[in-house]
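Here are the chains, one letter per residue:
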Amino acid sequence: MSDKFEFIDVEYAAYQESDEQYVPSIVKMCIWMEVSRSGFYGWRDKPESATAKRRRILALYVQKSFEDSDGTYGYRRVHADLVAWGVTAGPELVRSLLRELGLEPCQPRPWRVSLTAGDGQEHDIPDLVRRGLHR
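Residues numbered from 1 in each chain as written. Predicted model: local features only at pLDDT ≥ 70, side-chain atom pairs only at ≥ 80, totals over all residues. Heavy atoms only, no water.

J.: I keep staring at the overall build of the protein and nothing clicks. Help me out?
T.: When helices and strands are counted, the protein shows 6 helices and 0 strands. Start at the N end of the protein and walk to the C end: the helices and strands fall as α-α-α-α-α-α. A globule of 135 residues ought to have a C-alpha radius of gyration of about 14 Å, yet the protein, at 28 Å, is considerably larger. Judged by the C-alpha coordinates and their principal axes, the protein covers about 90 × 45 × 30 Å. (Helix = DSSP H or I, 4+ residues; strand = E, 2+ residues; numbered from the N terminus. Rg over C-alpha atoms; globule rule 2.2 N^0.38 Å.)

Now the structure itself:
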């Protein structure tokens, strides 16, 4: 239900900011979404729950850890950072917060030493074993 209420709230705000002449009322949107008007206003006016507030604060910690790692940490390492910072959260909660925030870790390829520097040109390689003669 709260998804529908949130959708109505966001759409109404977007219509208010746009230059469109016709702005549907909240009453109309509630009818279209098949929800009660009193339910919408009750949802909008209620205070934020303790769980939602905690998730919002944890999301900031998760985002900080992810950005500090240049986007390479997955949920396990982010969870380890939170534990080191003294923030209590389970690994699955961290995992779901990463998904909600749209943060996807990218593991860089390991740096390897190259002993030769290519010049970008093709070269004839001599047939020192004479493999071309036995056809």
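J.: Where do I start with the packing of helix α5 (residues 75-84) against helix α6 (residues 91-101) in this structure?
T.: Packed helix pairs are specified by the crossing angle of their axes together with the interaxial distance, meaning the distance between the axes. One way to put it is that α5 packs onto α6 with a least axis distance of 9 Å and a crossing angle of 115°. For the crossing formed where α5 meets α6, the hand is right-handed. From α5, Y75, V78, H79 and L82 reach across to α6, where they touch P91, E92, V94, R95 and L98. For the contact of α5 with α6, the residue count by class is 6 nonpolar, 1 polar and 2 charged. (Axes fitted to C-alpha atoms, helices over the stretch in contact; angles between N-to-C directions. Left-handed = near helix turned anticlockwise from the far one by under 90°. Contact = heavy atoms within 4.5 Å. Nonpolar A, V, L, I, M, F, W, Y, C, P; charged D, E, K, R; others polar.)

Without other data, these values stay purely geometric and don't point to any function.
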